[in-house]
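Coordinate analysis (summary)
The residues making up each chain are set out below.
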Amino acid sequence: MRGLRKGVLGVALATVVVGVGTGAGAVVPAVGGAEADLSHHGHVSLWGGRVGVWLVSENHGPSDVSQATVRLAFSQPMAGGQELPPDCLWSSDRVVSCRTGELRAAGGTGELALDLRTAALPDEMTVEITTAWRDGVADRNPRNDRHRVLVLATGDPYVF
C-alpha cells in the first residue's frame, strides 16, 4: 500500500482476495436474497506516459448496494508515489481499487476519475475493470461490470 491511506478499503481488500477465483459467469450468493445489477462504463486514454480513466458505476436494481469496490488492473506498471482519490488505494503497482459509495437501486451512480503516470512510455496497454466486491449482494448479470480495454497511446478515449 506504500503508506497511502491504509485501511480505507480494509474490508473490501479481504474480499478482493477471496473473489479472485470467482468465474466470469458466476453468481455470488446473496445475503438475505438481495440482488442488484451493477455496471461500469466510461473511457480510458493513454498518451505520453499518462493514463486517464473516467468511470461511472451504476446499479440497475432491484436492491440498493451500500458499498461496492471496483478494481482497475493495468497491464503496465504505474510510476510510484502517486496520490489517489480518497476512496481509492493501490493494491499493487498495476492495480487500483476504489469504493463506489452507495449505489441505490434503479439509477444509483458513482463517478471516478484517475490521471496516472506510467512507469515507462508504453505504446499500448490493457485495462481490466471489474467489480471486486458488492457488499454481499448478488449480481446475476456480471457481464456489464467486467471489461477489458486495449488502449493505444494516441490520447484517444477508448470507450467501454
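A look at the state of the cysteines
Taken as a whole and assessed by the stated rule, the structure comprises one disulfide. Each sulfur of the disulfide joining Cys88 and Cys98 lies 2.0 Å from the other. With the S-S bond torsion at 115°, the cross-link from Cys88 to Cys98 turns out right-handed. Linking Cys88 in strand β4 (residues 88–92) with Cys98 in strand β5 (residues 95–99), this pair joins segments that are 10 residues apart in sequence. Given a relative accessible area of 3%, Cys88 falls into the buried group. Look at Cys98 and you get buried, because its relative accessible area is 1%.

Remarks on the sheet that holds strand β9 (residues 158–159)
Strand pairing in a sheet takes place through backbone hydrogen bonds and is either antiparallel or parallel in direction. Taken in spatial order, the four strands make up an open sheet running β6-β2-β1-β9, and their pairing is antiparallel. Edge positions in the open sheet fall to β6 (108–117) and β9, since each of these has one partner strand only. For strand β2 (residues 50–59) and β6, the ladder comprises 10 bridges, and the chain directions are antiparallel. Residue pairing across strands places Arg50 opposite Arg117, the latter belonging to β6.

Some points on the sheet that holds strand β3 (residues 69–74)
A sheet is described by the order of its strands in space; here five strands give the open sequence β4-β5-β3-β7-β8, paired in antiparallel fashion. Strands with a single pairing partner mark the edges of an open sheet, and in this sheet they are β4 and β8 (146–152). Taken over all neighbouring pairs, the strand axes of this sheet differ in orientation by 20° on average, direction set aside. Strand direction decides the pairing type here: β3 and β5, joined by five bridges, are antiparallel. Within β5, the residue paired with Leu72 across the bridge is Val96.

What counts, and at which threshold
- Residues numbered from 1 in each chain as written.
- Predicted model: local features only at pLDDT ≥ 70, side-chain atom pairs only at ≥ 80, totals over all residues.
- Heavy atoms only, no water.
- Disulfide = S-S within 2.5 Å.
- Helix = DSSP H or I, 4+ residues; strand = E, 2+ residues; numbered from the N terminus.
- Buried < 20%, exposed > 50% of the residue type's maximum accessible area, 1.4 Å probe, protein only.
- Pairing = 2+ DSSP bridges.
- Axes fitted to C-alpha atoms, helices over the stretch in contact; angles between N-to-C directions.

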